[in-house]
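So the chains spell out like this:
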Amino acid sequence: MTLTDLQALERDHLVPAYARMPVEFVRGEGALLWDADGNEYLDFQTGLAVNSLGHCHPAVVEAIRDQAERLIHVGNLFYSEPSLRLAKRLAESSLGGKVHFANSGTEANEAALKLARKAKQQGTIVSVHRGFHGRTYGSLSATPQESKQAPFAPLVPGFVSVEPTAEAITAAVDAGTAAVILEPVQGESGVYELGDDVLRAAREACDAHAAALIFDEVQCGLGRTGTLWAYQHSGVVPDAMTTAKSLGGGLPIGALITGERLADVFAAGDHGSTFAGGPVQCAAGLAVLDVIDDEALLARGRELGEHLRHAVAELPGVGEVRGRGLMIAFELVGGGAPELVTRALTEERLVLNATGPTTVRLLPPLIIDRAQADEALRRLAKLLEGA
Ligand SMILES: Cc1ncc(COP(=O)(O)O)c(C=O)c1O
């Protein structure tokens, strides 16, 4: 099928909820993608932080194939070893409590919000500006962005949002607060790292009022910022944390991970999902963790991230550069980020993402090497020098 055929099918049959780029990818390997005409692309977008191991990592493919040949679905009324092994691995690598599986980031956050409300027996949820937690009603209610919330009002009651500052969070949390939810590094709004003082203030405010501190690590977790979990940079430990995106190596999975205090808040029947914790996605998750939970890989991500940030800052037209590890964004002084991303795709075969009119985000696979980082920089330089 040609691109024109695909566009006609989309126009006639898909609800128009996405703005798609004019390319169909049909194959991927490592950091590379190929379109239907056989053109090769360098992927610095990774399905928005999903393909952290690159495309079709052999360990993930093998785990999926092996599990799919034996049992694809079994439901949560029975035991399933992959989900129990993955739960143990996730909890032991982070907060030490227990895990509840979901199918996506927004669902993992729904579970976290429900858990916090049940723990406090109701209460307000505090989120911060520039945060993004998902599109379902609870997560959307914690995502204070007018354009995303307004068409779907009324939202869930009991949510407030404040500036992501220590003072604002401290002032917002009181005896009626069930939880504070935030991303240690805010992704969708353009890679804004919250300062250690902000995270510490949120921790102290939650401690003072028996509220739950929830970190949304759906995008910034699992090695993206150069440590297995983003909270490890600050040393501020949340009561609960959510993960998704790269956990399934491309398969849909999310997880709520609790610390000890919240581990037994849910009772049987409180929350659940048909597909959550399925054997194939959990087998993939175990394979992903085997590769990502490796200090050498994480250290290389930190080094390459620093190299990319320094080099990008030298390019013409680039203003502020932000980020940690391989979660990077830069500002274009004269704007035009969506146009640059389109030109990068069509002229240089470099897959990038714009989070807004002035902001370009780089989310390369964690398995890239220095030569691929330099190749992406070369293509970016060509675009920006010619601009
Ligand atoms: C920090 C964060 N939380 C939640 C989500 C929602 O995840 P999903 O799209 O899997 O529902 C996203 C998605 O971009 C995200 O970046």
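Our subject is the structure listed above.
We now turn to the structure provided with this report. (Residues numbered from 1 in each chain as written. Predicted model: local features only at pLDDT ≥ 70, side-chain atom pairs only at ≥ 80, totals over all residues. Heavy atoms only, no water.)

Right, let's talk about the packing of helix α12 (residues 337-347) against helix α13 (residues 370-386) for a bit. Packed helices, taken two at a time, are described by the angle between their axes plus the distance between the axes. At a minimum axis distance of 11 Å, the contact between α12 and α13 shows a crossing angle of 120 degrees. Classified by the angle their axes make, α12 and α13 are oblique. Crossing handedness for the pair α12 and α13: right-handed. Contacts from Leu-340, Arg-343, Ala-344 and Glu-347 of α12 reach α13 at Leu-380, Leu-383 and Leu-384. Tallied by class, residues from the contact of α12 with α13 come to five nonpolar, no polar and two charged. (Axes fitted to C-alpha atoms, helices over the stretch in contact; angles between N-to-C directions. Helix = DSSP H or I, 4+ residues; strand = E, 2+ residues; numbered from the N terminus. Parallel < 35°, antiparallel > 145°, perpendicular 65-115°, else oblique. Left-handed = near helix turned anticlockwise from the far one by under 90°. Contact = heavy atoms within 4.5 Å. Nonpolar A, V, L, I, M, F, W, Y, C, P; charged D, E, K, R; others polar.)

Here we come to the environment of Thr-46. Relative to the helices and strands, Thr-46 resides in helix α2 (residues 46-49). Thr-46 has contacts with Asn-51, Arg-224, Leu-363, Pro-364 and Pro-365, leaving out every residue within four places of it along the chain. A distance of 2.6 Å separates a polar side-chain atom of Thr-46 from the backbone oxygen of Leu-363. (Polar contact = N/O pair within 3.5 Å; in protein donor to acceptor, adjacent residues only side chain to side chain.)

What follows is about the site of the ligand. Lining the immediate surroundings of the ligand are 13 residues, of which Gly-105, Thr-106, Asp-216, Gln-219 and Lys-245 lie closest. Here a nitrogen atom of the ligand and a side-chain polar atom of Asp-216 are 2.7 Å apart. At 3.1 Å from an oxygen atom of the ligand is found a side-chain nitrogen or oxygen belonging to Lys-245. In isolation the ligand offers 390 Å² of accessible surface; the protein chains occlude 82% of this area. Here the shell around the ligand gets three residues from one element, more than from any other, and that element is helix α5 (residues 105-120). Of the residues that constitute the shell around the ligand, the class distribution is two nonpolar, seven polar and four charged. (Near = heavy atom within 4 Å. Areas by Shrake-Rupley, 256 points an atom, 1.4 Å probe, with all protein chains shown as cover.)

Next up on the list: unusual backbone geometry. Between Ala-153 and the following residue, Pro-154, the backbone shows a cis peptide bond with an omega angle of 0 degrees. Mapped onto the fold, Pro-154 is located in the loop between α7 (146-149) and β6 (159-162). For Lys-245, which is not a glycine, the phi torsion comes out positive at approximately 40 degrees. Mapped onto the elements, Lys-245 comes out in the loop between β11 (240-243) and β12 (254-259). On the accessibility criterion, Lys-245 (23% relative accessible area) is partly exposed. Here Arg-349, not a glycine, exhibits a phi torsion of approximately 55 degrees, which is positive. (Buried < 20%, exposed > 50% of the residue type's maximum accessible area, 1.4 Å probe, protein only.)

Now for the packing of aromatic side chains. Summed over all chains, the structure comprises one aromatic pair. When the centroid spacing of 5.0 Å and the interplanar angle of 85 degrees are considered together, the rings of Phe-25 and Tyr-41 count as edge-to-face. Residue Phe-25 is located in strand β1 (residues 25-29), and its partner Tyr-41 is located in strand β3 (residues 40-43); the two are separated by 16 residues in the primary sequence. With a relative accessible area of 4%, Tyr-41 lands in the buried category. Positioned above the aromatic ring of Trp-34, the side-chain terminus of Arg-27 is 4.1 Å from the ring centre. Just above the ring of Tyr-192 sits the side chain of Arg-322; from NZ or CZ to the centre is 4.0 Å. (Phe/Tyr/Trp six-rings, centres within 6.5 Å; stacked < 30°, edge-to-face > 60°. Lys NZ or Arg CZ within 6 Å of the ring centre and 35° of its normal.)

Relative to the helices and strands, Gln-281 is located in helix α10 (residues 279-292). One polar contact links the side chain of Gln-281 to the main-chain carbonyl oxygen of Phe-275, over a distance of 3.0 Å. If near-sequence neighbours (up to four positions away) are discounted, Gln-281 is found in contact with Leu-251, Pro-252, Ile-253 and Phe-275.

What follows concerns helix α9 (residues 196-208). Over its 13 residues, α9 extends 18 Å from the first C-alpha to the last, a length consistent with the 18 Å expected when each residue adds 1.5 Å. By the burial criterion, the buried members of α9 are Val-198, Leu-199, Ala-201, Ala-202, Arg-203, Ala-205 and Cys-206. Residue Ala-210 follows α9 closely and has a positive phi angle near 50 degrees. (Expected span 1.5 Å × (residues − 1).)

Here helix α3 (residues 58-70) crosses α10 at 150 degrees, and the two axes come no closer than 8 Å. In terms of axis orientation, α3 runs roughly antiparallel to α10. Relative to α10, α3 is oriented so that their crossing is right-handed. Residues Ala-59, Val-60, Ala-63, Ile-64, Gln-67 and Ala-68 of α3 lie in contact with α10, whose contacting residues are Pro-279, Val-280, Ala-283, Ala-284, Ala-287 and Val-288.

Here we take up the pairing of β11. As a general feature of sheets, a regular strand has side chains that alternate between the two faces. Taking every second residue as pointing to the same face, both faces of β11 are buried, with Ala-240 and Thr-242 on one and Met-241 and Thr-243 on the other. Alignment of strand β10 (residues 212-216) against β11, held across three bridges, turns out to be parallel. When the bridges of β11 are listed, Phe-215 appears paired with Met-241. Bridging between β11 and β12 involves four bridges; their strand directions are antiparallel. In the sheet register, Thr-242 faces β12, and the bridge partner there is Leu-256. (Pairing = 2+ DSSP bridges.)

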